[in-house]
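Residues per chain, in single letters:
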Amino acid sequence: MVDHLSEFEDYLRNKKSVSVNTAGSYLRDLKQFLLFCENIHIEPYLINKECMLKYIEYLSNQGKSDATILRNIASLRCYFGFLLASGKVTSNPVEQIVLKRPEKNFLRY
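Residues numbered from 1 in each chain as written. Predicted model: local features only at pLDDT ≥ 70, side-chain atom pairs only at ≥ 80, totals over all residues. Heavy atoms only, no water.

Engineer: Tell me about the overall build of the chain, and name the residues and values.
Structural biologist: When helices and strands are tallied, the chain shows four helices and zero strands. When the elements of the chain are put in sequence order from the N terminus, they spell out α-α-α-α. Looking at the chain as a whole, 34% of its 109 residues are labelled buried. Residue pairs in contact within the chain that sit at least 24 positions apart in sequence constitute 59% of those at least 6 positions apart. With an accessible surface of roughly 7,400 Å², the chain has 48% of that area assigned to carbon and sulfur atoms. (Helix = DSSP H or I, 4+ residues; strand = E, 2+ residues; numbered from the N terminus. Buried < 20%, exposed > 50% of the residue type's maximum accessible area, 1.4 Å probe, protein only. Contact = heavy atoms within 4.5 Å. Areas by Shrake-Rupley, 256 points an atom, 1.4 Å probe, with all protein chains shown as cover.)

Engineer: Pulling in residues and values, what's your account of the environment of Glu-7?
Structural biologist: By secondary structure assignment, the location of Glu-7 is in helix 1 (residues 5–15). Judged by relative accessible area, which is 36%, Glu-7 ranks as partly exposed. Taking C-alpha positions, Glu-7 is 9.3 Å from Phe-82, a pair spaced 75 residues apart along the chain. In contact with Glu-7, not counting residues within four places along its chain, are Phe-82 and Lys-88. Side-chain polar atoms of Glu-7 contact the side chain of Lys-88, separated by 3.3 Å. (Polar contact = N/O pair within 3.5 Å; in protein donor to acceptor, adjacent residues only side chain to side chain.)

Engineer: Got a sec to walk through the nonpolar core? Specific residues and values, please.
Structural biologist: Ranked by internal contacts, the top residues of the largest apolar core, which has 28 residues, are Phe-8, Leu-30, Phe-33, Met-52, Tyr-55, Ile-73 and Leu-76. When residues of this core are traced back to their parent elements, those giving at least two are helix 1, helix 2 (20–39), helix 3 (49–61) and helix 4 (66–85). Those residues in contact with Tyr-55, other than ones at most four positions away along the chain, are Asp-29, Gln-32, Phe-33, Phe-36, Asn-72 and Leu-76. (Core = buried A, V, L, I, M, F, W, Y, C linked by side-chain atoms within 4.5 Å.)

Engineer: Requested: an account of the packing of aromatic side chains, with residues and values cited.
Structural biologist: By the definition in use, this model includes 11 aromatic pairs. Centre to centre, the rings of Tyr-11 and Phe-82 are 5.1 Å apart; their planes meet at 40 degrees, and the pair counts as tilted. Of this pair, Tyr-11 sits in helix 1 while Phe-82 is found in helix 4, placing the two residues 71 residues apart along the sequence. By relative accessible area, which is 8% here, Phe-82 ends up buried. With a centroid separation of 5.1 Å and 40 degrees between ring planes, the pair formed by Phe-36 and Tyr-58 is classed as tilted. Taken together, the positions of Phe-36 in helix 2 and Tyr-58 in helix 3 put the pair 22 residues apart, joining distant regions of the chain. For Phe-36, a relative accessible area of 8% gives the class buried. Among the aromatic residues, those joined into a ring-pair cluster are Phe-8, Tyr-11, Phe-33, Phe-36, Tyr-55, Tyr-58, Tyr-79, Phe-80 and Phe-82. (Phe/Tyr/Trp six-rings, centres within 6.5 Å; stacked < 30°, edge-to-face > 60°.)

Engineer: So what's going on with the packing of helix 3 against helix 4? Which residues, and what values?
Structural biologist: Remark: helix 3 packs on helix 4, axes separated minimally by 10 Å, with the N-to-C direction vectors making an angle of 145 degrees. Between helix 3 and helix 4 the crossing geometry is right-handed. Contact residues: Met-52, Tyr-55, Ile-56, Leu-59 and Ser-60 in helix 3; Ile-69, Asn-72, Ile-73 and Leu-76 in helix 4. Residues that form the contact of helix 3 with helix 4 fall into these classes: seven nonpolar, two polar and no charged. (Axes fitted to C-alpha atoms, helices over the stretch in contact; angles between N-to-C directions. Left-handed = near helix turned anticlockwise from the far one by under 90°. Nonpolar A, V, L, I, M, F, W, Y, C, P; charged D, E, K, R; others polar.)

So, in structure tokens, the structure goes:
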């Protein structure tokens, strides 16, 4: 899976036309996820919904904000979508994950 990082970066910049900052965030999120998989001794190709929920719990226990967790899920949804479209996996385990967007706090004067 790590072999596909540069392909994914090209996909983000050329096909999805995301900003440099967004691409950097997605790649950072993906690397963190791959490290998580390595630490729990599971191949990223074998990830399912239950593993994704454990990853979300891990992020939460690390003190990550709801917005950061949502971005991580968006990053992984995009990555697994890329792998699915290129025939490298047969399903997107993140497709089934639905998280509620946090409310924005606006300052009032």
